[in-house]
4 protein chains.
Amino acid sequence: MSNTIGTLFRLTTFGESHGAAIGGVIDGMPAGVKVDMEFIQSELNRRRPGQSKLTTQRNEADKIEILSGVFEGVTTGTPIGFIVKNENQRPMDYTEMSDKLRPSHADFTYQCKYGVRDYRGGGRSSARITISRVVAGAFAKLALKEVGVEIQAFTSQIGNIKLTGDYKDYNLKNSENNAVRCPDDKTAEEMERLIAQMKEEGDSVGGVVSAVVRGCPAGLGEPEFGKIHAALAAAMMSINAAKGFEYGDGFDAAWRKGSEVNDSFYSDNGTIRTRSNHSGGIQGGITNGDDIYFKVAFKPVATIMKEQETVDSKGNSTTIKAKGRHDPCVVPRAVPIVESMAAMVIFDLLMINKSRK
Amino acid sequence: MSNTIGTLFRLTTFGESHGAAIGGVIDGMPAGVKVDMEFIQSELNRRRPGQSKLTTQRNEADKIEILSGVFEGVTTGTPIGFIVKNENQRPMDYTEMSDKLRPSHADFTYQCKYGVRDYRGGGRSSARITISRVVAGAFAKLALKEVGVEIQAFTSQIGNIKLTGDYKDYNLKNSENNAVRCPDDKTAEEMERLIAQMKEEGDSVGGVVSAVVRGCPAGLGEPEFGKIHAALAAAMMSINAAKGFEYGDGFDAAWRKGSEVNDSFYSDNGTIRTRSNHSGGIQGGITNGDDIYFKVAFKPVATIMKEQETVDSKGNSTTIKAKGRHDPCVVPRAVPIVESMAAMVIFDLLMINKSRK
Amino acid sequence: MSNTIGTLFRLTTFGESHGAAIGGVIDGMPAGVKVDMEFIQSELNRRRPGQSKLTTQRNEADKIEILSGVFEGVTTGTPIGFIVKNENQRPMDYTEMSDKLRPSHADFTYQCKYGVRDYRGGGRSSARITISRVVAGAFAKLALKEVGVEIQAFTSQIGNIKLTGDYKDYNLKNSENNAVRCPDDKTAEEMERLIAQMKEEGDSVGGVVSAVVRGCPAGLGEPEFGKIHAALAAAMMSINAAKGFEYGDGFDAAWRKGSEVNDSFYSDNGTIRTRSNHSGGIQGGITNGDDIYFKVAFKPVATIMKEQETVDSKGNSTTIKAKGRHDPCVVPRAVPIVESMAAMVIFDLLMINKSRK
Amino acid sequence: MSNTIGTLFRLTTFGESHGAAIGGVIDGMPAGVKVDMEFIQSELNRRRPGQSKLTTQRNEADKIEILSGVFEGVTTGTPIGFIVKNENQRPMDYTEMSDKLRPSHADFTYQCKYGVRDYRGGGRSSARITISRVVAGAFAKLALKEVGVEIQAFTSQIGNIKLTGDYKDYNLKNSENNAVRCPDDKTAEEMERLIAQMKEEGDSVGGVVSAVVRGCPAGLGEPEFGKIHAALAAAMMSINAAKGFEYGDGFDAAWRKGSEVNDSFYSDNGTIRTRSNHSGGIQGGITNGDDIYFKVAFKPVATIMKEQETVDSKGNSTTIKAKGRHDPCVVPRAVPIVESMAAMVIFDLLMINKSRK
C-alpha cells in the first residue's frame, strides 16, 4: 500500500519532482541475474522528457545510480536501492504554484490530506516520480526475459486519432520508430500532427495505451482478490493521469451476448486451445497461456498554457496560466511505464506460483 | 493478496459454491458499533439469486451466521468470523462439469494452476463466493453511515440498452424498485425485456454497473500506489466477470483536451469548490470532497443453454450445453457487490487517514 | 498483523472462548496435498484440555470441521476455512468476570483498548483461541513432512524442576508418553508432582517449552527484518502467557567470549560442517542446515483459586477468587502450539525460498 | 517482511557494508512534524563506530542525507528517502573474506541462500546496515515525543558483569555519560575494563541491553498475532547478533507461582493501578499504561583476532584470523538501535489505535 507495490517482488519509492533525488528500493529480486545497465538506462531514456520536439523540454540525463544489491555485475538477492538525481531543478519557475491551486492537479487534495505540500513542480504528485517504476520494471523485464515473457505497449489513441485494427494487425516493434509510439506509421503521423497542434494552442490532449503480454505461462493470478487483472488494474490506475482500465473485450463485453464472446476450446493435436481470445488470456483471474491484452486511458495533461479560473490558497479568486516546460500529451511517455508496471505484476505472480511447486 | 483485501479494515474469505459453507473473517472493524443484523441480511438478500423471474432459481436463504466479534449487539473490535451455509447443494447437476471444460469459465485455468479443482458449480470461481464481500461491505456501510458517507450503485447498461443521462439526472434510490436496479423506470423495462429475451434464447448478456459515493471527506487515498481509484479498480476488477473500470470521465477523457476537462476552482463564499467534476472527485489519487463516480463493465455470463464446442479434460473434442439454474444476466445482482467493495475500500482509507491525526 | 500471520502460508483466526465457534482461514496451502484428518484431529487432541488429571476439566471434543479448500481428500489450493464449535459454554461460571478485573489477565487492557469486551472466559484473550493455530500448524506439518522437516517440542522446565541436559541427551519422542511432555521420565514425575501440588494449593506455576527442528534445509530466512529467528520469536511470543524467547545459546551467549561460542567450520569429506552449534542452526537470520533449537518461557497461569485483591469495573476495591475449571500449569499443552507456530513459520519461509528458484 | 518493517509506520532498508551507501525509505510518517536534523544526526552518532577507544576504529562521519519527504523543515507526509554514504570503504582489508568462511558469521548462509554474496565486510549482513534503523527510529521518536512517550535503553550486562538492581534503582539518563552506556558508574567501569581486556586478548564478549518505555498509553497492541511484545520481539531479534528477548519477568516467570507474580489491581483515588509490574506493562499483548520493560541478549561479536579453524569456499581446511578494525563488544552501540526499534514498533501501534477512534 501507499508507496510499496508487490508481494514477493516489491518496489518502494520515494522522491519529489524538485527534491534532491527520485529513488526506490526493489526487494525480492532473485540473486544471480546479470544486470544489463545499458538496458536499464535505455528504459529510463524511453520515459525521459525531451526525447522529441513533442515532449517537455526539461532535459535531464535521468542517470540511474545503483546503491546496493548488485555486486560484480549480478544481483545478490539483497534489496536494490537506487536513485536518479534531480539535476535541473529550476525552482524559480514554480513560485506561482506555491500560492495558486492548479485546476485538475493534486495541489488542493495534497493540501487537504497533509496540511502541507511541496509545491515545486507538483512535488510527489509529479509524473517525474514514475522514474522509479521504470527502473524496477527494467529489473522485472530482465528476470522475465529468462522465462520467455515479453511485454509490449504502444499508443493506440491520441485524442480523436485511434488505431482501428486489432493488436495482431500491426508489427508492434515498429512503435519505437516514431515519436508517439504508435505501431502504424500513418496513424502515428496524424497523432504527431494533433499533438503539435495542441502545443501550438497551448492545450493538451488525452489518449490510450494498449499493451500485450506474450509467452506468459498458464496459471498466474491469485483468486480471489489477487486476480491478475485486478493486480494489473491497480498497477495501471496508479500511474499519473490514468482514468480507465479494461482487458480482453473490456467495456465492449457489456454490449455482447455470451454466445458471441465465449472462447470455445478445441484440441490442437492434443494441446487445449481456444478458438478466440475475448477473455484476454485470463479466466477467473488466472492466465490461460494465451496473449494478455489490456488498455489504459489517460486524461489530457492538466497543465495548459491557457488562462484558467482558480483560487489562491486563501480562497481568493484569481487566474493561472502555465509557463515553462510541459508536455501537451504524456501518452507516448506512458508507454514504458505501462510496460514496467505489467512486468512487475507478472513477475510477482510468477514468483508466487513457483513458491508452491 | 490472494483471499484477503484491505490494510486496516481487512476481509479474508473462503468457500466454494458447493462446499459446506461460504464465509470470511473481518479484521479491523472498530469496537462499539451497533450491529444491525436485519440490515446485513437485507444486503445479502439483494445479492441472493431467485429475487425475480430474471435470475437463477437456486433459491437459498443465504442466512448469515456471525460466529465471533459481536457481543451483546455491538462489535468488540475482535475479528468477526461468519458463515453462510450452502443449503441447496444438488451435486447431481454438475457431474458433466467434472470432465468437460466450460468455455470462458475458470475450469481450465484452475486446472492449470492447481492441478486439481472442485468442479461442483465452479467451486471457488463461482460468483456465489461474493457472499462474503456483501457481508463485509455491510459492516463497512454501518461504520461509514456514522460519518455520513453514502454509496449507491445502479445498473446503467444491459447489452445495448443504456442510460443516456448523467447520474445526477436520476433519483438513484429508485433503482431498488425494479428487478434490474436501473434508476429510470422506462429504461429498466427495456432492460428487463432484453434479459427475458436472452433467457428465452438460452443466451446471456453483459452490462455496466455505475456507482456514486456521496459525502466522502477530502483527503482519502494513499499516493503513490494506494491511490483511491487504484484501490477501487482492484476491488471492482476482482468481482467475477468484471472486464473494465473507469472513474470520472474515464475512457472518454482520452478524446478530450485539457481545456475541456480541467475542473476550475472558484470560491463559494470562502469554500473552495470546482465548477465541474470531470475528475470524479479524485485528484492525484486523493479525494477532493466532491462526488466520486465510477463504472464497472461486466461480460455476459459464460454459462449459456446453447451447445458449445469444447474438450474434455483429456483434450478430446466434445460439446457442452448448460442445464439447470443460471442467470442470463448477473449485472443487477452485481449492484450490491459493487457497493460493498466500494464501502470496504473507502472505510479502509478513512481509517488510514485517522491514524495520522 | 492483528489476526493474520504469514506471507505466503497465511493463517487468519477468529473466535472467542465462549462464542459460537473458534476458527480460521488458511490461505496459501499448496494444492494436491493429501489431508490426513486423523492426524489433524490428533494434534488438536494434544492441545485439548482434560487430557489428564493435571489439566482443566473443560472436556470438549474440539472436533475440527473443514468448510472449504479440501476436495476428495486433497487440498485444492483455495483457502481452507475451518471451525471448532464451543460446545461446553457454561456461561454461568463467568458472571463474576463481567464486573471484576482479574489480575494479570487481559480484562483491563481489552477494556482500555476496545471500550467493550466479551467477558465470558476471557473472550478473545482466552488460550482456547490457540485451537486455530494447531489446525494450521497441522496442515503446515503435512506439507513439511513431504520435504523431511521434523519439529519436536517438549517441556524442559516446570517451576524449579528443570531438565539439566542438552536436547541431544534425550529421546524426544518419549515426551508424548507422560502427562507433562518431558522426554526424561524421572524429571517428568517430579514435574507432575509439582503441578499436583500447585493444584492442591490452588496456585499455578510457569515453565519453559524447548523445541528442535531437524532436517531444515540451509538458506531459509529473510534478512533483514524477516530473519528466521525474528519470525520464530514473533510467532512464539504471540502464544498466550509467553514471556521470553531465545535460540541457540540464547541469554547464555551474553556471558561468553567469541572464542568460546564461535562455530568453526571443517570439511566432512567435502561437506562443510560446523564443530559446534552455538548458533542454533541460524547465522545472520538464515538457516545453515543444522538443528534449529529454541526455548519459550511461559508465566504461571493468572487464574488461581486463591483470593486476590482487585477492583470492579467502576474502580471499587474488592477481591476475586477463581472457581471452576482451570489449569495449574499450561506448559504441557503449549507444546503442540509451539510446534504449530514453528511449522507455520518454517513452511512460509520455505515457500518464499522456492519462489526465487 | 524481508527488508520492510511496520504496518502504518514502515521502514524499508537497503545497503551493504562496503557498497555506495546505506539507506532506506520511511513511509507513513505523519505530515507537519518539525524535523530536528541535529537530533537525527546525534542519534546516528550514538550508533557510530569510533566513539571511544572501546569500539572499532572505522571512523566515518555517517552523515545523514534526506532526499525527500521533508520540505521547509517539516515532514510532508510523503515517503522520506535517505542515505548515508559509505566513505571509508577500504576494500583491501577484505580480500581474505572473499574466499574463507568466517565462523559464526553469515558468509556460509548467504552463500547457501543466494549462491552469490558481497563478501566485502559482510555485505548486507554487516551491523553497519542498522544505520537505517536509527534514522527511522529518530523520526519515530520525534513523533512519540509529541505524545509524551519516552524510550530509554541501557547496557545491563557485559559478559559476567551485570547490573544487579532493577531499572528503577538507577538514573537511566546517566547511561550516556560513559562509554558502555550503563547507568551505574561503578559497574560501567568494570564493564569497560572487561572490554579492554577482551580487546587485548583479541577476543570479544556478549551482553544484554535493557530498555524501558515510559508514558505509553494503555490499549496499544493488536491481538492476536500483533501483540505488542510479539512485535517488540520480532523487532529486537532482527538486530544483528541478538539471541534472546524477554519482557516483564521474562524467563524468571517460569520459576514462579501465579500467587507470586500476579499484578493485583487497586484503586488509586479512582484510577485503576496495579500493586506490582511483573507483567512489564503488557497484558494479553496490550499495554496497560504502566512502564514497559524488556531485555535483549547479544552474543559476542563473531570477528576475533585469534586464529580459528575454518574452510575456504571450496571446502578445503584452512584457518582465519581477523585483521583490521573490529569491536570487541557491540552491546553499547546496540543501545540506540534497541531504542530505535522500540520507537518504530510503538509508534506504529499508536497509529493503528488512532485509526479506530
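Residues numbered from 1 in each chain as written. Chains lettered and ligands numbered in written order. Predicted model: local features only at pLDDT ≥ 70, side-chain atom pairs only at ≥ 80, totals over all residues. Heavy atoms only, no water.

With that settled, consider the side chain of S126 of chain A. Assignment of secondary structure puts S126 of chain A in the loop between α2 (107-114) and α3 (131-145). Once you skip the residues sitting within four places of it in the chain, S126 of chain A turns out to touch S17, G121 and N240 of chain A. (Helix = DSSP H or I, 4+ residues; strand = E, 2+ residues; numbered from the N terminus. Contact = heavy atoms within 4.5 Å.)

Moving on, we get to the relation of the copies chain B and chain C. Between chain B and chain C, which share one sequence, the superposing operator has a rotation angle of 180 degrees and an axial displacement of 0.0 Å; the RMSD is 0.0 Å. Both chain copies can therefore be described as sitting about a two-fold axis. Comparing interface residues between copies, 100% of those in chain B also lie at the interface in chain C; the contact surface is shared. (Least-squares fit on C-alpha atoms with pLDDT ≥ 70 in both.)

Let us now look at the interface of chain B and chain C. Between chain B and chain C, the residue contacts involve 39 residues of the former and 39 residues of the latter. Together chain B and chain C conceal approximately 3,000 Å² of surface at their shared face, both sides included; 66% is due to carbon and sulfur atoms. When the area that chain B buries against chain C is broken down by residue, the three leading residues are F14, L67 and F71 of chain B, summing to 20%. Applying the counting rule to chain B against chain C returns zero salt bridges. At the level of elements, β2 (10-14), β3 (21-27), β6 (74-75), β7 (80-85) and α2 (107-114) of chain B are the ones that each hand at least two residues to the side of chain B that touches chain C. Looking at the side of chain B that touches chain C, the element that brings in the most residues is β2 of chain B, giving four residues. Residues of the side of chain B that touches chain C, tallied by class, amount to 15 nonpolar, 16 polar and eight charged. (Buried area = accessible area lost by both parts, 1.4 Å probe. Salt bridge = Lys/Arg side-chain N within 4 Å of Asp/Glu carboxyl O. Nonpolar A, V, L, I, M, F, W, Y, C, P; charged D, E, K, R; others polar.)

Let's shift gears to the relation of the copies chain B and chain A. Here chain B sits on chain A after a turn of 180 degrees about the axis and a move of 0.0 Å along it, with an RMSD of 0.0 Å. By residue overlap, the copies meet face to face through one surface: 100% of the interface positions of chain B are interface positions in chain A.

What follows is about the packing of helix α1 (residues 37-47) of chain B against helix α3 (residues 131-145) of chain B. Residues and elements named next belong to chain B. Closest axis-to-axis distance for the α1/α3 pair is 9 Å, and the angle between their directions is 140 degrees. If you check the angle between α1 and α3, you find them oblique. The handedness of the crossing between α1 and α3 is right-handed. On α3, the residues that touch F39, I40, E43, L44, R46 and R47 of α1 are I131, V134, V135, A138, F139, K141 and L142. Taken together, the residues of the contact of α1 with α3 sort by class into nine nonpolar, no polar and four charged. (Axes fitted to C-alpha atoms, helices over the stretch in contact; angles between N-to-C directions. Parallel < 35°, antiparallel > 145°, perpendicular 65-115°, else oblique. Left-handed = near helix turned anticlockwise from the far one by under 90°.)

All names here are of chain D. Pairing between strand β17 (residues 308-311) and strand β18 (residues 317-320): four bridges, direction antiparallel. Paired with E309 across the two strands is T319, which belongs to β18. Where β17 folds back onto β18 in an antiparallel hairpin, the turn is made up of five residues, including G315, whose phi is positive at roughly 90 degrees. (Pairing = 2+ DSSP bridges.)

A separate point is the pattern of salt bridges. Counted by the stated rule, this structure contains 95 salt bridges over all chains. With a closest N to O distance of 3.4 Å, K257 of chain B and E201 of chain A form a salt bridge. With K257 of chain B in the loop between β11 (242-247) and α6 (258-261) and E201 of chain A in helix α4 (residues 185-201), this residue pair bridges two chains. The partner of R214 of chain D in a salt bridge is D291 of chain D, and the shortest N-O contact between them spans 3.8 Å. With R214 of chain D in strand β10 (residues 207-214) and D291 of chain D in the loop between β15 (286-287) and β16 (292-298), this residue pair connects regions lying 77 residues apart in the sequence. Overall, R214 of chain D belongs to the partly exposed group, its relative accessible area being 34%. Linked by salt bridges that have partners in common, E43, R46, K141, E176, R181 and E339 of chain A make up one network. (Buried < 20%, exposed > 50% of the residue type's maximum accessible area, 1.4 Å probe, protein only.)

It is worth spelling out unusual backbone geometry at this point. In this model, P223 of chain A is joined to E224 of chain A through a cis peptide bond whose omega is 10 degrees. For E224 of chain A, the position within the fold is in the loop between β10 (207-214) and α5 (228-237). In this structure, A241 of chain A takes a positive phi of about 75 degrees despite not being glycine. You can see A241 of chain A is positioned in the loop between α5 and β11 (242-247). Of note, the phi angle at D62 of chain D is positive, near 50 degrees, even though the residue is not glycine.

Let us look at the nonpolar core. Ranked by internal contacts, the top residues of the largest apolar core, which has 340 residues, are F294 of chain A, F294 of chain B, F294 of chain C together with F294 of chain D. Ignoring anything within four residues of it in the chain, the contact list for F294 of chain B reads V209, S210, A211, V213, L232, M236, F245, E246, Y247, V338 and A342 of chain B. (Core = buried A, V, L, I, M, F, W, Y, C linked by side-chain atoms within 4.5 Å.)

Moving on, we get to the interface of chain B and chain A. Listed per partner, the contact involves 106 residues of chain B and 106 residues of chain A. By the criterion of area lost to chain A, the three top residues of chain B are F225, K243 and F265 of chain B, representing 11% of everything that side buries. Connecting chain B to chain A are eight salt bridges. The partner of E224 of chain A in a salt bridge is R133 of chain B, and the shortest N-O contact between them spans 3.2 Å. If you look at where chain B meets chain A, you find 60 residue pairs in polar contact (both at pLDDT 80 or more). Here the side of chain B that touches chain A is built from residues that sort into 44 nonpolar, 39 polar and 23 charged. Where β11 of chain A and β11 of chain B come together, three bridges link them in antiparallel fashion. Considered in β11 of chain B, the bridge of F245 of chain A is made with F245 of chain B. (Polar contact = N/O pair within 3.5 Å; in protein donor to acceptor, adjacent residues only side chain to side chain.)

This brings us to the confidence of the model for chain A. Per-residue confidence for chain A gives a mean pLDDT of 93, with 94% of residues at or over 70. In the predicted assembly, ipTM is 0.97 and pTM is 0.97. (pLDDT = per-residue confidence, 0-100.)

Further remarks concern the sheet that holds strand β9 (residues 161-162) of chain C. Pairing within the open sheet is antiparallel, and its ten strands lie in the order β9(C)-β8(C)-β10(C)-β16(C)-β11(C)-β11(D)-β16(D)-β10(D)-β8(D)-β9(D). The sheet is open, and its two edges are formed by β9 of chain C together with β9 (161-162) of chain D, each paired on a single side. Of the strands in this sheet, β8 (150-158) and β9 of chain C are in contact with helix α4 (residues 185-201) of chain C, which crosses β8 of chain C at around 55 degrees.

Burial of helix α5 (residues 228-237) of chain C is extensive: nine of the ten residues sit out of reach of the surface. For α5 of chain C, the complete set of buried residues consists of I228, H229, A230, L232, A233, A234, A235, M236 and M237 of chain C.

This brings us to the environment of S264 of chain B. Mapped onto the elements, S264 of chain B comes out in the loop between α6 and β12 (265-268). Measuring from C-alpha to C-alpha, the distance between S264 of chain B and N277 of chain B comes to 9.1 Å, with 13 residues separating the pair along the chain. For S264 of chain B, the residues in contact, after removing those within four places along its chain, are P103 and E309 of chain A together with R273, T274 and R275 of chain B.

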